[in-house]
Structure formats: structure tokens, C-alpha cells
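This is what each chain is made of:
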Amino acid sequence: MLKSLYSGVSGLQTHQKKMDVIGNNIANVNTTGYKATVVTFADIYYQTQRSASAATSTLGGINPRQVGYGVKMNSATPNLSNNGYSSTDDKYSMAIDGNGFFQVMDSAGNIRYTRAGVFHVDDEGYLVNESGMHVLGISGESQGQNPDSQIIRLVVPDTDAKCSSATKKINGVNVTLSVSAPSDNTNMSVSFVNSEYPYATYANGILTVNINMDKQYNSETDFQNAINDALNAGGVTLPDDVEILFEFESIPNNPEAVAATNTVTWTYSTPNSTADIYAGYEYTSNSGTKSTKYAQIAFSTPQVPTTAQVELNYDAGAAVGTAPVVNYDGTNWQITINANTAIEDVNKAINDYIDAQAVANPDVEIPKLTCTTFVFPANYGGVDNRQAAFDALVAANGSNSMQLQGGKDVPIDVSFDVTEAGAYANDYKITFAYSSTYGEGKTKAVWDEDNLTITINNSSTVAEIQAAIDAAAAGNDRKKLIMTGLDQLDGMNAGERKAMFEGNPSLSLGGGADSFFTECLNSLSTFNLTDGRYGSAQSWGNLSDVTIQQDGTIIGYHAVHGYMDLGRIDIATFDNPNGLSQIGGTMFAETVSSGSAILNIAGQGGAGNVLSGALEMSNVDLSQEFTDMITTQRGFQANSRTITVSDTLLEELLSLKR
């Protein structure tokens, strides 16, 4: 009879324990990551009143007869199933989509396991839960690292000092504009504007540099000085007293400007072998009047080879009526004239000499030589000036010997160069015109926009042409040209000049180029200088964004370092997760029943993925708990009735003594 009392007591105790579990489940219906506990009962010790026996030949088998002593709690096991997730705006709130647990470490160094991913980063950069326990995994670069149980700390490297800069490809070369020293205040916009005079302005991070881009800059120093001149002219002091610096990735071997130039080869044809001397000289009359006189003598022959020369001499002491003296040495002619010689005298002396030699040396053939031009001003004001004319003639020719050349096209090279290097004269056109006049002031040069016309007359010299070109430039450096060539001009006769220039030959200047630095300057626009800074220590608070990927990798974005792998949250799984011990705070501890933790990268090895910005909800099912509460209440009530009835039986037994 007493056995039923104790059975009832065990029933009351066991149902009370289950009610305790139900109450705890209901209390944690909104606890993040909480896993509801499921209780099961088991009957307890049985008293065997008759043992079982096997059948014999005369009797059948007998079943055992046993009386139980009540009930006990068989198990209280957490239900590890998922019930869903709640979204949050906090990227450090995490849940596991699948199997496994987060690893956390308490102050004593014990590793605990939880499904509640309510994490944050403390002021030292450690990833911790709300109890201050460190979250474990890989700290720092995680790529290629096996899963681990390191304390995760978000570490951002210090920033190095850097000058604000910007790089652009200009004319195929990378040009970098930077400031001279690191600064947090020099991220600026730098614009270049063409201006006749240097000047610069700076305000609100915008620097405008006015600079003469038409000027030639032939070195990096020239280029840099021009920038500095503009800053100085504008009185600009940049933040932190930095300077603007240029750096060119590569500089050509010859970075200097190239002058525009052109050379043209002209030819003029001579019908005969010819030799010509021409000179102008200044003559002063008895009255003191100055004027320019001209002396010219020309010879031609159809037979003399081009190597033949005519040597002209002057006999100042010859008597009046003296004939010119003529001689031919088989190659060259020697002719001596005097103050009374005229063209007919020269030709008569040549013919007489040829006739005499034909008689004296009939086997020697002497070529025909004719004086075609003989201009010698003489006897002005009663004064003989032939000596002065002859001296001027020889001085202009550089010799008293004239080279006979003709019967062919005679080439003359003429070159023009601008005096200032650069590309601006590439389109200049130079045209020559011929005038049959003589005299000073008749050689002219006239500009019409970019076309220069040079007029040559029968008396023009190279010096006169250059003087006319300089006068036409009128001080404009862009139109100052240098003429080279035409060395034969001063020795040409009128017919030869006409043959060469009458066709208005022309040439165009080209090949000029600005210097490498000038071309770069002309192509500059606006540079946006960025990334300037002083070096400084950095922390996780300097990150502008943090992303936690599904594999647990923590990716941070830093304005200087860019995207960084800061660590990884690794997941622990167990062969028997129901064997874990619940220690409160939604924490589980490893037991011999659960086995050791198996570390995995999230999403691998059976571990679930990490969900950032979400928390796992409690999996308590209220409908189930309320149902269990009803059945538990009825069970408790029924067991109490067992005790009550047993007590009544005892009472009846005790009444027998009456």
C-alpha cells in the first residue's frame, strides 16, 4: 500500500520538473538563439514478485509478475531546429543558416558555443558578444587559412604620408602633378589657362594658373619656373606652404623646340659657258653728291669646259689708246683692261689673239670667247673712276678670277629658317618675284598674312634681301626669317637672274616643332589632386564600410587601403550536438557526450552559412508548450489523486482496531 504513495510522489515530482522546463521554455519564447528543451519520462525500478519460467513437458511458460515504483525524468534535451530569423540594421548581428555554433571565449579562456550572434566591436577592435566574450575564428588575412579559434580583432594598418597628386597621359607621356610635401589640406583642382602674362589664383581648393603657352620651354626647369612665376605673380601661398611639382615619365632625347625650315633647289640654264662679275660701289662726285654706281663684266663661250677661268686684271698706268692684253694658257684666259677699255676693245683683243695663234700654232685649237657685258662707269666729273669700280668688282667676287660654267642647268640651294624655334611657322609660304630694274630700295619683302613675297631685281644682293626680310618682320619674332644660300646671286648677270626668278618660285616652311615641354603645357587642362595626407594610426573606426560574407569573412573598406580582409568567423559543429551542456546565456559547453568541436569554414563541412544583419529567433512553440502544460497539469493532478486514495486506504486499515 505504501508503494502507491511513493509512486504518486514520484509522479508529482516528475511532472513538477516538466512544468519547470515548460515554464523556462515559455519564459524564453523571445530569447535570441534559445533552443526549447524537450522532456521525456521513464518508469523506474520494478519489484519482481514472480520470475518468468520456461515451459515444461507438463506445464506452460509463466510470465514474470512485477510491480513498478513510479516515474522519473528520462531526458531534457534541447531542440536544435531552426525557427527563423529576424532582420536587423546591424551588420554585426549574425545568425547561422544551418548547422553549427559560433565560438566565443570567456575571461577564463574557456571556449563556449552559441547560436545567438548578438555581436559588436569594442573600442579595441575586438569582435565580442554582449557579455564581452571574444568571438573566435581567424584574425587578419584569412584567405587560404584553415579554420581556427583565434580571438578576432579588426586591425587597420597605419596610413603612410603621401603627397596629393594626379597623373594624366599627355602626348603619349604620363605626366604627374603633385605637391612637394604630404598634407591633409592639399587635395585640390589645378587648372592651366593660356595667358600672355603669368598669374595665379587660389581659393576653396581651386588653383588656376595663367601661363604663356605660346612661349618655348626647352627644359623641365623652364617649365617649372613658369609655374612658379605664375604663383609668385598672383601672390599665391598654397596650404602648408607646399609647391607644385611636375614629373614626366620619360623625356625625349631632344626635348627642345625645332625651328621651321625649308630648302629649295632652283636651277637656271645658261645658253653658253659663262662667267660673270657684278658689284655696286659708292661714288662721290666733285660736288660731294654720293651715288651708287655699278660695274659688271661677263664672258661667254660655247666651247670652253666648265673648269676654264677668266682672270681679269687692271692696268691703271696704261696710256690712252692702249688695247687690252689677252692670253690663253691652254686652260685659262688672262685679260688685262685699262681706264680706256670698252667692250669692243675687249672683243677685238680676244679675236686678234685667236687669229694670231691660229697662224703661229695651227695645231692648237683655241675656243671662241666673247665679252657679252662690259659696264664700267668712268670719267664722272672729269675723274677716272674705273680703278674704284674694278676694285669693288674684285672685292665683291672675292677674286679677280671668274669660273666659266654654262651650257647646263646650274643648281642653287636656298634655305629659310625662323629665328625662334617652334611650330608656328610651319605654314609660312615664301614666294620670289623678279624685277628687271636696278637700284637701291628696289629689293622688297612684303607679308600678306602668312605669305611673304620677296622681289629680286638685277642689282639685289644677298645682304639687301636679308635686310628687306628683317624690315618686313617689323619686330615680330614670329616672322623673323634667316635666308641662307643664293651664294651665286651676287655673281649672276641680269639674264641669269631673270631665268631663275621670273617664274615666281616659292617654298613653304615646315618641320618646325614646339619643344616637348611646350607641347605638354599646351595640352594641360585640369588635374584633380587627391590622396594627400599626413601619416597616422588607424583603427576599425576609420573603416567606411564593413561586410560579413556568408563564409564568415569580414571585409572592410578603408579610404586609403581600399578593401581589406580583416578576419573570418569560423563555425563549430559536433557529432552529437544534443550532448552539449547548457550553461545559460544561450551558451553551450562541450561534454564527453557531445565530443570535441569540429571547426569549419561557414558553408563547408556541413556547417551553415553566416547571415549578417539577422538574428536567430527562439524556437519555442507556444502551442506545443501550452498543450504540454495541460497534460502535465492533468498528470500532476492524477498523481495527487493516487496519494489521496492511498491515504484513504491507510485510513480504512487503521479503523480496523476500533
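Residues numbered from 1 in each chain as written. Predicted model: local features only at pLDDT ≥ 70, side-chain atom pairs only at ≥ 80, totals over all residues. Heavy atoms only, no water.

Draft legend 1. Seen up close, the pattern of salt bridges. Under the definition given, this model contains nine salt bridges. Put simply, Asp 352 and Lys 348 hold a salt bridge, and the shortest N to O gap is 2.9 Å. Within this pair, Asp 352 and its partner Lys 348 are both found in helix 3 (residues 343–360), separated by four residues, close to a single helical turn. Look at Lys 348 and you get exposed, because its relative accessible area is 53%. Counted as one network, the salt bridges with shared partners bring together Lys 35, Arg 115 and Glu 616. (Salt bridge = Lys/Arg side-chain N within 4 Å of Asp/Glu carboxyl O. Helix = DSSP H or I, 4+ residues; strand = E, 2+ residues; numbered from the N terminus. Buried < 20%, exposed > 50% of the residue type's maximum accessible area, 1.4 Å probe, protein only.)

Draft legend 2. Seen up close, the environment of Thr 292. Counting through the fold element by element, Thr 292 comes out in strand 21 (residues 290–301). With 46 residues separating them in the primary sequence, Thr 292 and Phe 246 have C-alpha atoms 60 Å apart.

Draft legend 3. Just the sheet that holds strand 32 (residues 481–485), in detail. Here three strands make up an open sheet; going across it, the order is 19-28-32 and the pairing antiparallel. Unpaired on one side and paired on the other, strand 19 (261–269) and strand 32 mark the two borders of the sheet. Taking the axes of each pair of neighbouring strands and ignoring which way they run, one obtains an average angle of 20° across the sheet. Pairing between strand 19 and strand 28 (residues 409–418): nine bridges, direction antiparallel. Bridge pairing in strand 28 links Thr 263 to Ser 415. Relative to the sheet, helix 5 (residues 462–473) contacts strand 28 and strand 32, its axis offset from that of strand 32 by approximately 165°. Helix 6 (residues 494–501) rests against strand 19 and strand 28 of the sheet, and its axis sits at about 125° to strand 19. (Pairing = 2+ DSSP bridges. Axes fitted to C-alpha atoms, helices over the stretch in contact; angles between N-to-C directions. Contact = heavy atoms within 4.5 Å.)

Draft legend 4. Seen up close, the packing of aromatic side chains. One pass over the full model with this rule turns up 22 aromatic pairs. On the basis of an interplanar angle of 65° and a centroid distance of 5.5 Å, the ring pair of Phe 248 and Phe 516 is categorised as edge-to-face. On the criterion of sequence distance, the pair formed by Phe 248 in strand 18 (residues 244–248) and Phe 516 in helix 7 (residues 516–523) is long-range, its members being 268 residues apart. In this pair, the class of Phe 248 matches that of Phe 516, namely buried. Through a chain of ring-to-ring contacts, the aromatic side chains of Phe 192, Phe 223, Phe 246, Phe 248, Phe 516, Phe 517 and Phe 527 assemble into a single cluster. Lys 168 extends its terminal NZ or CZ atom over the ring of Phe 527, reaching a point 5.2 Å from the ring centre. Directly above the ring of Tyr 424 sits Arg 478, whose terminal nitrogen or CZ lies 5.1 Å from the centroid. (Phe/Tyr/Trp six-rings, centres within 6.5 Å; stacked < 30°, edge-to-face > 60°. Lys NZ or Arg CZ within 6 Å of the ring centre and 35° of its normal.)

Draft legend 5. Up close: the nonpolar core. The biggest cluster of nonpolar side chains holds 33 residues, and the ones touching the most others in it are Phe 192, Leu 207 and Phe 246. Elements supplying a minimum of two residues to this core: strand 13 (165–170), strand 14 (173–179), strand 15 (189–194), strand 17 (206–211), helix 2 (220–233), strand 18 and helix 7. Among the elements that take part in this core, helix 2 stands out by supplying five residues, more than any other. Residues within four places of Phe 192 in sequence aside, it is in contact with Leu 177, Val 209, Met 213, Ile 227, Phe 246, Leu 524, Ser 525 and Phe 527. (Core = buried A, V, L, I, M, F, W, Y, C linked by side-chain atoms within 4.5 Å.)

Draft legend 6. Quick peek at the sheet that holds strand 33 (residues 506–508). Within the open sheet, the four strands sit side by side as 30-31-29-33. Their pairing is mixed. Here the strands that pair on one side only, and so sit at the sheet edges, are strand 30 (444–448) and strand 33. On average, each strand axis in the sheet is tilted by 15° relative to the strand beside it, whichever way the strands run. Taken together, the three bridges between strand 29 (residues 429–434) and strand 33 define a ladder with antiparallel strand orientation. Counterpart to Lys 429 in the pairing with strand 33 is Ser 508. In this fold helix 5 packs onto strand 30 and strand 31 (451–456), with an angle of close to 35° to the strand it touches most, strand 30. The sheet contacts of helix 6 involve strand 29 and strand 31, and relative to strand 29 the element is tilted by about 140°.

Draft legend 7. Spotlight on a negative patch on the surface. A cluster of like negative charges, contributed by Asp 427, Asp 448, Glu 449 and Asp 450, occupies part of the molecular surface. Relative to the elements of secondary structure, Asp 427 occurs in the loop between strand 28 and strand 29. A residue is classified by how much of its surface remains accessible, and Asp 427, at 63% relative accessible area, is exposed. (Patch = residues over 30% accessible without salt bridge, like charges linked within 9 Å, V, L, I, M, F, W, Y side chains within 5 Å. Areas by Shrake-Rupley, 256 points an atom, 1.4 Å probe, with all protein chains shown as cover. Lys, Arg positive; Asp, Glu negative; His and termini not counted. Charge placed at Lys NZ, Arg CZ, Asp CG, Glu CD.)

Draft legend 8. View of helix 6. The complete set of buried residues in helix 6 reads Glu 496, Arg 497, Met 500 and Phe 501. End-on view of helix 6: buried residues confined to an arc of 110°, all on one side of the axis. (Arc of directions from axis to C-beta.)

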